[in-house]
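Structural features, examined
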Amino acid sequence: MNKRLSIGILGGGQLGMMLCQAAKEIGIYTHIYCPDEDSPAKHFSNKFTCQDYLNEKEIINFSNSVDIITYEFENIPKETLELISNKKLRPGIKSLEQTQDRLVERKLLEKLDIPCAPYKELKNKNDFNNAITHFDNAIIKTRRFGYDGKGQIGVSQKTICDDNISALFNQSIVEKKIPFEFEFSQVSCRDIFGNVFHFPLTKNIHENHILKHSYAPLNLSNDFETNAKEITSKIITNLDHVGVLAVEFFKTKENILVNEIAPRVHNSGHWTIEGCSESQFKVHMQAVSGAKITQPKLLNECHMVNLIGEEINEWAKKKSDNEVKIHLYHKNEIKKGRKMGHLTYIKDKRID
């Protein structure tokens, strides 16, 4: 009898939870490693270890307990990754190293000749003054730990370089504010054989810097859609990435620009659970397990809505039906701006 494949997951949030749910569908054993005792994935994994990411002994024990290790978020300490064999880690260390830091990520895009918003590294007051002179309206973004609008400050030529801004020197970039028409994302996957496939494009709407709505599939002109897929293929291949990766884009009047790379399953791909023959979570677990991936089929047109903070109260006791699927993240504490669950409205059955 063949040994059941075991996959360790660094991180226990809702993405980890949904990876565990998908793993059960395909007979994969999961082991979550997370410092949060009340993490959403705890009750969905086969095994759960609650320890700090910098606990060397526990990380080594965790690594030895599984066949493969993947992750559900990118802000994992470098020291943790160095304790894990890169042969066992999928996606590999390169994907994290190139996307954990916005400056490093921007340099990667430049190296690959991929368009992104103009930016400058913020090291001192002169950098700040030069940036706002050239960009006028701009955004200071921390190089690390910036997500859901965290670590971002809007600035202009009227902004004074005060203590709050100087505190960000050597840990931020200043990026030109782009007048875009809308944001969209490309969620894609690559297997160990180098095969790459793409889910349909998704249009995204943010509220208070947090993703609120995703609509899929996005009907974009063929040239722009082809370009988005080519850019994503170039990134995922250059990183030798195994598993799901998402690229967030700005659609301007004449072009598309890369806003961000997420080397993991992504919030804008949640709709694939109901919208495609196989979800982003299932194909990620298949890819990292070493299986050859195939192109999922589009089944339904979907509208995904994130439930933020107190919004969960309206849906906590309701049940899914044919028109709306309710996904709860089982977080014990409701906080302002915290993602507590999501809804997927199925707009059409069967898209041929």
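In what follows, the structure referred to is the one given above.
Residues numbered from 1 in each chain as written. Predicted model: local features only at pLDDT ≥ 70, side-chain atom pairs only at ≥ 80, totals over all residues. Heavy atoms only, no water.

Points about the environment of Val283
Here is the rule we go by: A run of DSSP states H or I qualifies as a helix once it reaches four residues; a run of E qualifies as a strand once it reaches two. Both are numbered from the N-terminal end. Here, two residues are considered to be in contact whenever any of their heavy atoms come within 4.5 Å of each other.
By secondary structure assignment, the location of Val283 is in helix 10 (residues 280–289). A sequence separation of 264 residues divides Val283 from Leu19, and the C-alpha atoms of the two residues are 9.7 Å apart. Leaving out residues up to four positions away in the same chain, Val283 has contacts with Cys189, Phe197, Phe199, Val244, Glu278, Ile293 and Pro296.

Thoughts on the sheet that holds strand 5 (residues 119–122)
Stated formally: The pairing criterion for strands is at least two bridges between them, as found by DSSP. Each axis is a line fitted through C-alpha atoms, and for a helix only the stretch in contact is used; angles between axes span 0 to 180 degrees, taken between their N-to-C directions.
If you walk across this open sheet you meet the four strands as 5-8-6-7, and the pairing is antiparallel. Both outer strands of the open sheet, strand 5 and strand 7 (152–155), are each paired with one neighbouring strand and no more. With strand direction ignored, the average angle separating the axes of adjacent strands in the sheet is 25°. Sheet topology note: the strand 6 (residues 138–142)/strand 7 ladder contains four bridges and is antiparallel. When the sheet's bridge partners are listed, Ile140 is paired in strand 7 with Ile153. Across the sheet, helix 5 (residues 102–111) lies against strand 5, strand 6, strand 7 and strand 8 (172–176), angled at about 145° from strand 5, the strand it touches most. Across the sheet, helix 6 (residues 125–135) is in contact with strand 5, strand 6, strand 7 and strand 8; its angle to strand 5 comes to roughly 165°.

Notes on the sheet that holds strand 1 (residues 6–10)
The parallel open sheet is built from four strands, whose spatial order is 3-2-1-4. Since the sheet does not close on itself, it has two edges, and those belong to strand 3 (47–49) and strand 4 (68–71), each with one partner. Adjacent strand axes in the sheet meet at a mean angle of 25°, parallel and antiparallel pairs treated alike. Pairing geometry for strand 2 (residues 29–33) and strand 3, over three bridges, is parallel. Counted as the bridge partner of Ile32 is Phe48 from strand 3. Docked against the sheet, helix 1 (residues 14–25) engages strand 1 and strand 2, running at close to 165° with respect to strand 2. Packed on one face of the sheet, helix 2 (residues 56–64) meets strand 1, strand 2, strand 3 and strand 4 and runs near 170° to strand 2.

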